[in-house]
2 protein chains.
Amino acid sequence: MASVDVPVALLGYGTVGAAVDRLLSENADDIERATGHRLRVVRALVRDARKERGFAPAPGVLTTDFADVRDDPSIALVAEVMGGIEPARGHVLDLLRAGKPVVTANKQLIAQRSDELFPAASAAGVQLRFEASVCAAIPVIKVLREALVVSSVHRVLGIVNGTTNYILTRMEAGDTYEGALSEAQRLGFAEADPTEDVSGADAAAKMAILATIAFGSRVTLADVDFEGIERIVPGHIVAARELGMAVKLVGQATLAGGAVDARVAPALVDRHHPLAGVEGAFNAVMLQGDSIREIMLEGPGAGGIETASAVVADMVSIVGTQGTGFLQNDAVWRTLRKLPPGELESPYYLRIEVDDRAGVLAHVAERLAAHGVSVARLIQHGLAGGASLHVVTHEAPAGAVEAALGDIALLPETHGTPTRLAVISDRGVAAAG
Amino acid sequence: MASVDVPVALLGYGTVGAAVDRLLSENADDIERATGHRLRVVRALVRDARKERGFAPAPGVLTTDFADVRDDPSIALVAEVMGGIEPARGHVLDLLRAGKPVVTANKQLIAQRSDELFPAASAAGVQLRFEASVCAAIPVIKVLREALVVSSVHRVLGIVNGTTNYILTRMEAGDTYEGALSEAQRLGFAEADPTEDVSGADAAAKMAILATIAFGSRVTLADVDFEGIERIVPGHIVAARELGMAVKLVGQATLAGGAVDARVAPALVDRHHPLAGVEGAFNAVMLQGDSIREIMLEGPGAGGIETASAVVADMVSIVGTQGTGFLQNDAVWRTLRKLPPGELESPYYLRIEVDDRAGVLAHVAERLAAHGVSVARLIQHGLAGGASLHVVTHEAPAGAVEAALGDIALLPETHGTPTRLAVISDRGVAAAG
């Protein structure tokens, strides 16, 4: 299929805008494989065209005149990443009326003005998408609107504010509310004025959007009762632990008896409930419905690149649902070699049964070291007629671990065949707290 | 927008096929709101047209002749829900060549024959979708192909077999492998011959599909090394617990240095890793990529209605990415009343500070009972100059709990103002183990 060139524009070129430009340019081939279209930023509206940018736009892209975007008939699609209600609202309305599809990352705009924006989009017959307005890169809006069409979702539960979840996770580990808040501010998870987050107001705006999409009835910010975590004290955390629960700031939207309820408040979450395990600055949304029982999506709920990733996903979805459509043919476009099994690196758990006498541990450790395998943790248990060694290694190639175990099996003090299992512990998210 | 009538056909009308027919007919309005199309089953290929069905097809729908589906030019879309490699493979190829888009729930067909199916779909310019082939209703294929287009996923971790996860969850609670397996069989989570599941073969087929889509390079069942849970003994579970981990059957697909590795094996998962919390027959898939850090999707990985829900999602996605497209205009189509806040039912946690003397507990319990609030659990702590009561109630309307707390606040032995927090404990999934 011939590639279609799609000129696009941005409103705003801050952290998110620059990241959108970079993702579009670095992943142009991926987007073309998925949709047959190449997206290219040709205009970006900014207040000051001379300011330094995190990712340099192509020459001539920056403009301070909105008319350059609105009146350029070649621009097929616009992403609003400037934030705030005005002038974003006026610009988005103008673009929709001019027949341009719009993607927005603007939570407050959607939570407060969807009643004028969507009719304008419908009247013009263009799409208005807003995945990035709720939980950044977690594709909950797409899943609700395009995958769970027939699942009659009747309840949405969410941890949709990373700042408060980070603070509560720290309090769980023994910190005070004040201590946890300053740590969150130091790490950039909380603003200097944290009110919007800790009061539950930010989460309430997200729950308004989720409730509207899930139940098909308008729920605005004003319809969501909210309460923050300012009054949570270590005593709550302790009591929750004794009851087998954890304190979380939970957003809840419920469809019951033809009525809708949406609220945000601290709640005690049972330890076996999937939301209890959501740690640090992560977000999670659980959707409960008739034909799906429950589906939970979890991931980073904030961040420039994560938000940009959701903006790009929406831009791709617009071109993927019109014109050529998402190309659902073969996903295969390259031939990767198979990694030789011995080369896969992982931490490993080793279980070795040995004689319980002096020197055995040294022999085992020596064989591991000879193959470059280093020990992270070790537990030794007495067994009838011997001992059982439980070793967790640092990351090492499977082949090296296998070779070390082969040597260990040959030691006279080893019983039977040592075994190994991979250990899954890295989250790739250490920075998220 | 005028509604478009879309006649569709099914290959197979067993549990999944009947559920697809029911979902399409009961949710026709939802689908039309999402896409502008009404999908209607006009033909279903079966072996015996006289057999009793779980959901009765419309008269004249059942046929035993494949040509009735293939040669009917009005049929716009076909869902293959018969399973097995043949005749499903031949039928799907014939339909694609006849220009009909196909949705399949057939894991083995995609894991083993994608190299001939996708070229046929591309040559004919029609879509072949297969969401239901991996983890039932969890929309992981759609998320990978339509939301994470630019996120450069480099690792996929999954608990993609519910049978083995159920068995390991039971073993965690103290059961033996044999005991847990028979319980799984009794509940219908495991087949009479459980080999396919417990050996890791079923999970390997799913990981082949996920690795192919995530990395864009063909990974077939034969490329996935797998090992099952047959050799896991309670000793592994105990050692894992002492190390702060849990034993899970983990599928892992890794893109490293231009090479791909896909495998399934028991692994020790750190308790803080989101996969450790996946309990019972549930599935979860974690996607790690550059611009998303990590996103996890969790939900029921099997079941007739859940699988049917994914088949319908694919059918809706086909009509939503061609013709009218997914209508991304206002999600609002009705006006639900707001539930009066006092009517929302939930279990609650109450924290009440009282004098530490005889009779106080009886007074508190009496006030709760007077408002119909019943107590599920209670913990009492001594405090300087009194006691602190921690009460978890059964489900009760917020208004009744508030009224009871108001009465309790007036008791002479109560100190300060009692507080309440909602408790989140129901998963709506009790049946999933």
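Residues numbered from 1 in each chain as written. Chains lettered and ligands numbered in written order. Predicted model: local features only at pLDDT ≥ 70, side-chain atom pairs only at ≥ 80, totals over all residues.

1. Here we look at the overall build of chain A
When you go through chain A residue by residue, the secondary structure sums to 14 helices and 19 strands. When the backbone C-alpha atoms are referred to their principal axes, chain A occupies close to 85 × 55 × 45 Å. The buried share of chain A, taken over its 433 residues, is 55%. (Helix = DSSP H or I, 4+ residues; strand = E, 2+ residues; numbered from the N terminus. Buried ≥ 20, exposed ≤ 12 C-beta atoms within 10 Å, placed from the backbone.)

2. Some words on the interface of chain B and chain A
Each side of the interface is counted separately: chain B has 106 residues, and chain A has 106 residues. Among the elements that take part in the side of chain B that touches chain A, strand β10 (residues 259-270) of chain B stands out by supplying nine residues, more than any other. The residue makeup of the side of chain B that touches chain A, split by class, is 56 nonpolar, 27 polar and 23 charged. (Contact = placed C-beta atoms within 7 Å. Nonpolar A, V, L, I, M, F, W, Y, C, P; charged D, E, K, R; others polar.)

3. Details of the nonpolar core
In terms of nonpolar packing, the biggest core is built from 304 residues, with V285 and V311 of chain A together with V285 and V311 of chain B touching the most fellow members. Excluding residues that lie within four positions of it along the chain, V285 of chain B makes contacts with C135, I138, V140, V156, G158, V160, L210, M296 and L297 of chain B. (Core = buried A, V, L, I, M, F, W, Y, C linked by C-beta atoms within 7 Å.)

4. Notes on the pairing of strand β12 (residues 293-300) of chain A
The buried fraction of β12 of chain A is high, at eight of eight residues. Where β12 of chain A meets strand β12 (residues 293-300) of chain B, three bridges bridge the pair, whose relative direction is antiparallel. Across the sheet, L297 of chain A pairs through a bridge with L297 of chain B, a residue of β12 of chain B. (Pairing = 2+ DSSP bridges.)

5. What to know about the sheet that holds strand β4 (residues 77-80) of chain B
Residue and element names in this part refer to chain B. Read from one edge to the other, the open sheet built from six strands follows the order β3-β2-β1-β4-β5-β6, with strand pairing classed as parallel. Sheet topology places β3 (62-63) and β6 (128-129) at the edges, where each strand pairs with a single neighbour. Where strand β5 (residues 102-104) lies against β6, two bridges are found, and the strand directions are parallel. Directly across from V102, in β6, lies its bridge partner L128. Helix α1 (residues 15-26) rests against β1 (4-11), β2 (37-45) and β4 of the sheet, and its axis sits at about 155° to β2. (Axes fitted to C-alpha atoms, helices over the stretch in contact; angles between N-to-C directions.)

6. Quick look at the domain arrangement of chain A
Think of interface size as the accessible area that goes away when the parts come together; that is how it is often given. We note that the domain assignment places domain 1 (4-133), domain 2 (140-302) and domain 3 (341-422) within chain A. One C-alpha centre belongs to domain 2 of chain A, the other to domain 3 of chain A; they are set 43 Å apart. (Domains from an automatic or database assignment.)

7. Observations concerning helix α8 (residues 177-186) of chain A
All names here are of chain A. Where α8 is concerned, the buried positions are A180, L181 and A184. Seen from one end, α8 has its buried residues packed into an arc of 100°, which puts them on one side. Exposed positions of α8 whose direction lies more than 90 degrees from the buried face are E178 and R186. (Arc of directions from axis to C-beta.)

8. With respect to the relation of the copies chain B and chain A
Of the two same-sequence chains, chain B is brought onto chain A (RMSD 0.1 Å, axial shift 0.0 Å) by a rotation of 180°. Put plainly, the chains are arranged around a two-fold axis. When the interface residues of chain B are mapped onto chain A, 100% of them again lie at the interface, so the same face is used by both copies. (Least-squares fit on C-alpha atoms with pLDDT ≥ 70 in both.)

9. Points about the sheet that holds strand β5 (residues 102-104) of chain A
All names here are of chain A. Strands sit in the order β3-β2-β1-β4-β5-β6 across an open sheet of six strands; the sheet is parallel. Bordering the open sheet on either side are β3 (62-63) and β6 (128-129), each of which pairs with just one other strand. Pairing of strand β2 (residues 37-45) with β3 involves two bridges; the strand directions are parallel. Across the sheet, A44 pairs through a bridge with L62, a residue of β3.

10. Describing the packing of helix α2 (residues 28-35) of chain B against helix α12 (residues 304-320) of chain B
Residue and element names in this part refer to chain B. Axis separation between α2 and α12 bottoms out at 10 Å; the angle between their running directions is 35°. Remark: the crossing between α2 and α12 carries right-handed chirality. Residue-level contacts link I31, A34 and T35 of α2 to V316, V319 and G320 of α12. Here the contact of α2 with α12 is composed, by residue class, of four nonpolar, two polar and no charged. (Left-handed = near helix turned anticlockwise from the far one by under 90°.)

11. Let's talk about the confidence of the model for chain A
For chain A, per-residue confidence averages 91 on the pLDDT scale, and 96% of positions sit at 70 or higher. Scored as a complex, the prediction yields pTM 0.91 and ipTM 0.91. (pLDDT = per-residue confidence, 0-100.)

12. Let's talk about the packing of helix α4 (residues 88-97) of chain A against helix α5 (residues 107-124) of chain A
A pair of packed helices is captured by two measures, namely the crossing angle of their axes and the spacing between those axes. Residues and elements named next belong to chain A. Packing of α4 against α5 brings their axes to within 9 Å, and their N-to-C directions diverge by 15°. Here α4 lies roughly parallel to α5, going by the angle between them. When the axes of α4 and α5 are compared, the crossing they make is right-handed. For the pair α4 and α5, the contacting residues are A88, R89, V92, L93, L96 and R97 in the first and L109, R113, L117, A120, A121 and A124 in the second. When the residues that make up the contact of α4 with α5 are grouped by side-chain class, the tally is nine nonpolar, no polar and three charged. (Parallel < 35°, antiparallel > 145°, perpendicular 65-115°, else oblique.)

13. Remarks on the pairing of strand β16 (residues 375-383) of chain B
The pairing of β16 of chain B with strand β17 (residues 386-393) of chain B spans eight bridges and is classified as antiparallel. From the neighbouring strand, Q380 of chain B faces β17 of chain B, where its bridge partner is L389 of chain B.

14. Structural notes on α12 of chain B
For α12 of chain B, with 17 residues, the first-to-last C-alpha span of 24 Å sits near the 24 Å given by 1.5 Å per residue. With respect to burial, α12 of chain B is a largely interior element, 16 of its 17 residues being buried. (Expected span 1.5 Å × (residues − 1).)

15. Looking at unusual backbone geometry
All names here are of chain A. Here the bond from E86 into P87 is cis, since omega is 5°, no more than 30 degrees from zero. The residue A136 is not glycine, and still its phi comes out positive at about 45°. Its 28 C-beta neighbours within 10 Å are what place A136 among the buried residues. Positioned with a positive phi, R293 is a non-glycine residue whose angle comes to about 55°. The buried category is assigned to R293, around which 24 C-beta atoms lie within 10 Å.

16. Observations concerning the environment of L144 of chain A
All names here are of chain A. With respect to the secondary-structure elements, L144 resides in helix α6 (residues 140-147). Taking the number of C-beta atoms within 10 Å as the measure of exposure, L144 has 23 and is therefore buried. Separated by 70 residues in sequence, L144 and A214 have C-alpha atoms that sit 6.6 Å apart. Leaving out residues up to four positions away in the same chain, L144 has contacts with V153, I213, A214 and L287.

17. Observations regarding the environment of I85 of chain B
Residue and element names in this part refer to chain B. Note on placement: I85 falls in the loop between β4 and α4 (88-97). The class for I85 is exposed, based on 12 C-beta atoms found within 10 Å. If near-sequence neighbours (up to four positions away) are discounted, I85 is found in contact with Q108, L109 and Q112.

18. Points about the environment of V238 of chain A
Considering the arrangement of structural elements, one finds V238 of chain A in helix α11 (residues 234-242). Taking the C-alpha atoms as reference, V238 of chain A lies 9.7 Å from M171 of chain A; in sequence the two are 67 residues apart.

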